[in-house]
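So you can see what is in the structure, the chains are spelled out below.
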Amino acid sequence: MEIAKLLIPIACAFIGAFINQPIIYFTNLILRRKLKKIENAIESLKLFETYETQFKTEFILPDLKETYFYVQTGIQTNEKSIEKYIKFKNELSGNYTWKQIRIAQSYLNLSTERIEIKLNKIEKIGSNILLIIALSMITIPFVLFPIFIDTSTNIFRYGSLKIIALTILPCLAGYILVSWISPIIMAKAMEKKLKHSRQR
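Calculation criteria
- Residues numbered from 1 in each chain as written.
- Predicted model: local features only at pLDDT ≥ 70, side-chain atom pairs only at ≥ 80, totals over all residues.
- Heavy atoms only, no water.
- Phe/Tyr/Trp six-rings, centres within 6.5 Å; stacked < 30°, edge-to-face > 60°.
- Helix = DSSP H or I, 4+ residues; strand = E, 2+ residues; numbered from the N terminus.
- Buried < 20%, exposed > 50% of the residue type's maximum accessible area, 1.4 Å probe, protein only.
- Axes fitted to C-alpha atoms, helices over the stretch in contact; angles between N-to-C directions.
- Parallel < 35°, antiparallel > 145°, perpendicular 65-115°, else oblique.
- Left-handed = near helix turned anticlockwise from the far one by under 90°.
- Contact = heavy atoms within 4.5 Å.
- Nonpolar A, V, L, I, M, F, W, Y, C, P; charged D, E, K, R; others polar.

Turning our attention to the packing of aromatic side chains. For the structure on display, the rule yields two aromatic pairs. Plain terms: the ring middles of Phe 69 and Tyr 85 are 6.0 Å apart, the flat faces sit at 40° to each other, and that makes the pair tilted. Note that Phe 69 is positioned in helix α2 (residues 54-73) and Tyr 85 in helix α3 (residues 79-91), a separation of 16 residues in sequence. Owing to a relative accessible area of 7%, Phe 69 belongs among the buried residues under this scheme. Measuring from centroid to centroid gives 5.4 Å for Phe 69 and Trp 98, while their planes differ by 80°, and the two rings are edge-to-face. One end of the pair, Phe 69, is in helix α2; the other, Trp 98, is in helix α4 (residues 98-103), and 29 residues separate them in sequence. Among the aromatic residues, ring-to-ring pairing joins Phe 69, Tyr 85 and Trp 98 into one connected group.

Here's what the structure looks like:
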C-alpha cells in the first residue's frame, strides 16, 4: 500500500508533539496555581497598605515580587537576582524569551555582578557530538524506511516489531537526546550573543 510508505515518517514527526502535550498541560496547571497565589498575596498585601512595617518591606513585598517573577518567567530566584535577570535579558537584545532563558538557567552564573554563562570545553564539544548523533538517529527512519518496503507489492518485508525497533525507536531516542542537550545548546548561543553585545 502507498499509505504504508508514509506511516513511519509521519509517526516520527508526531512523536515530539505528543510528548510535549503532558508537559504543556502540567505547565498550565502550575501557572494557574501560581496566579492564584499572587491573587492571595495581593489580598494579604492590602492589610499592610495603610501603614509601614518591617514585615511588609522585608518579607511581604520581596516574596510577592519573587512569586510574580516566577509566574511570568518560570524562573525561581530571589529578589536580588531578579534585576540581574532583567539586565541579562536586555543584553541579549530581545532575541531570547524568558522560556529560552529558563531552559539555559542551569548554565547561568549569578554569583557575579552580572549574569555570566558557565560552560566548559567538555560540555561544548560533547553537546556538538551528541547533537550530531541525535540528528542522525532522527533521520534513520527516512533513510531506512525504503529498505523495509517491497516495491513490487508495496508492503513491509519484515515484521512490524523489527520495523519499530529499527526506525521509530531511534527517532524517539534522538528526540529525547536533543531535549536533553538543549540547555547547553541554548547557553552556547546566548554566550555568543552576550559576548557580541558586551563588546559594543
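So, about the packing of α2 against α3. Here α2 crosses α3 at 40°, and the two axes come no closer than 9 Å. When the interaxial angle is binned, α2 and α3 end up oblique. Crossing of α2 against α3: the hand is left-handed. Contact with α2, carried on its side by Pro 62, Lys 65, Glu 66 and Phe 69, involves Glu 79, Ile 82 and Tyr 85 of α3 and no other residues of that element. Taken together, the residues of the contact of α2 with α3 sort by class into four nonpolar, no polar and three charged.

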